[in-house]
Amino acid sequence: MPELPEVETIKRQLLKEVIGKKIKEVELRLPKLAYFEGFKGDGSTGSPQAAKNFKKNLEGAKIGKADRAAKILILTLSNDYTLLVHLKMTGQLIYRAKNGKMRRGGHPWPPAAVEVPNKWTHIIFHFVDGSKLYFNDLRQFGYMKLVKSDELAEQKEIRKLGIEPFDKNFTVELFSKMLKCHAKAKIKPLLMDQNFISGIGNIYADESLHYAGILPTRPAGKIKPEEVKRLYQGIKIILKKSIAKGGTSSDTYVTLSGQKGGYEKYLKVYGREGKKCLRCGGIIKRIKLGGRSAHFCPDCQG
Ligand SMILES: [Zn+2]
């Protein structure tokens, strides 16, 4: 699963390539991955009619701007519609310029050596200028969803999302209150809960807690004010640095330019089980917590 820095990296590089382009044709090879919600409660999501409406309302539209909400890519179109792209576990986007130059983002399968389109290519955008955008997905959990722009905030993917770490309203005071509201929850699974804060997954939860010196199993309500402040700072510092480096590749993600994310070498605990803590020399441990593995240093995290 990509996390906020990986999706942000794809967004920044998608922006550069598809903004301002006009869609000539949408090729739906696997219509069930194309959702359409033309108006509230029309019940057409995932249906053959939805696929038809998806295609019809995209063709002829220009891509206006690209945004991101947590791990969802959002492309605003020149008509009244907005396209959501959720890569889920194994989604991959490939952009091919008219001159054949490619940019890949998301899951590394299929690798660059495999021709596109291939059997994992489910949706193809043909742009008027001859360039193309391919949506590949090995396991088919990802999807594209076309919605009315003024109903974007009501979509279930968006509506339930917790606050973004970079939202200006996300202050240390708010974070402290949020933790108190979930006093009994263990801090690591809580940080990963997308309804609590959006965009933090396994890697950055482990790294932020190590930064703050807090064990992943600590109840949220037992975290002292100075630790809350450190955790708050850690989340922002680590996410910012990771975005600057193009994300982390250890979670099987590559950036749109096909490069492996560059943050991997900065990881302090994630994927470092049995190695020495870079801060105190303790041995990094890994435990199962909330169905995922948690990495931490038992000596400098308490
Ligand atoms: Zn340590």
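So, here's what we can say about the structure.

How each quantity is defined
- Residues numbered from 1 in each chain as written.
- Predicted model: local features only at pLDDT ≥ 70, side-chain atom pairs only at ≥ 80, totals over all residues.
- Heavy atoms only, no water.
- Helix = DSSP H or I, 4+ residues; strand = E, 2+ residues; numbered from the N terminus.
- Buried < 20%, exposed > 50% of the residue type's maximum accessible area, 1.4 Å probe, protein only.
- Contact = heavy atoms within 4.5 Å.
- Areas by Shrake-Rupley, 256 points an atom, 1.4 Å probe, with all protein chains shown as cover.
- Lys, Arg positive; Asp, Glu negative; His and termini not counted.
- Charge placed at Lys NZ, Arg CZ, Asp CG, Glu CD.
- Pairing = 2+ DSSP bridges.
- Axes fitted to C-alpha atoms, helices over the stretch in contact; angles between N-to-C directions.

### Focus on the overall build of the chain
Counting its secondary structure elements, the chain contains seven helices and 12 strands. In terms of its C-alpha atoms, the chain occupies a principal-axis envelope of roughly 60 × 45 × 30 Å. Counting across all 302 residues of the chain, residues that qualify as buried make up 53%. When contacts within the chain are restricted to residue pairs at least 6 apart in sequence, those whose partners lie at least 24 apart make up 62%. Surface exposure of the chain reaches about 13700 Å², of which carbon and sulfur atoms provide 53%. Computed over 56 positive and 30 negative side-chain charges, the inter-centroid distance for the chain is 4 Å.

### A look at helix 6 (residues 202–212)
Of all 11 residues in helix 6, 10 are buried, a share of seventy percent or more. Turning to helix 6, its buried residues are N202, I203, Y204, A205, D206, E207, S208, L209, H210 and A212. Of the residues one or two after helix 6, G213 is the one with positive phi, at around 70 degrees.

### What about the sheet that holds strand 2 (residues 34–37)?
Ordered by their spatial adjacency, five strands build an open sheet running 2-10-5-4-3, and the pairing between neighbours is mixed. Each of the sheet's edge strands pairs with one partner strand only, and the pair in question is strand 2 and strand 3 (63–69). Taking the axes of each pair of neighbouring strands and ignoring which way they run, one obtains an average angle of 20 degrees across the sheet. Examined bridge by bridge, strand 3 and strand 4 (residues 72–77) share six bridges and lie antiparallel to one another. Bridged to K65 within strand 4 is T76. Across the sheet, helix 2 (residues 48–58) is in contact with strand 2, strand 4, strand 5 (81–86) and strand 10 (143–148); its angle to strand 2 comes to roughly 80 degrees.

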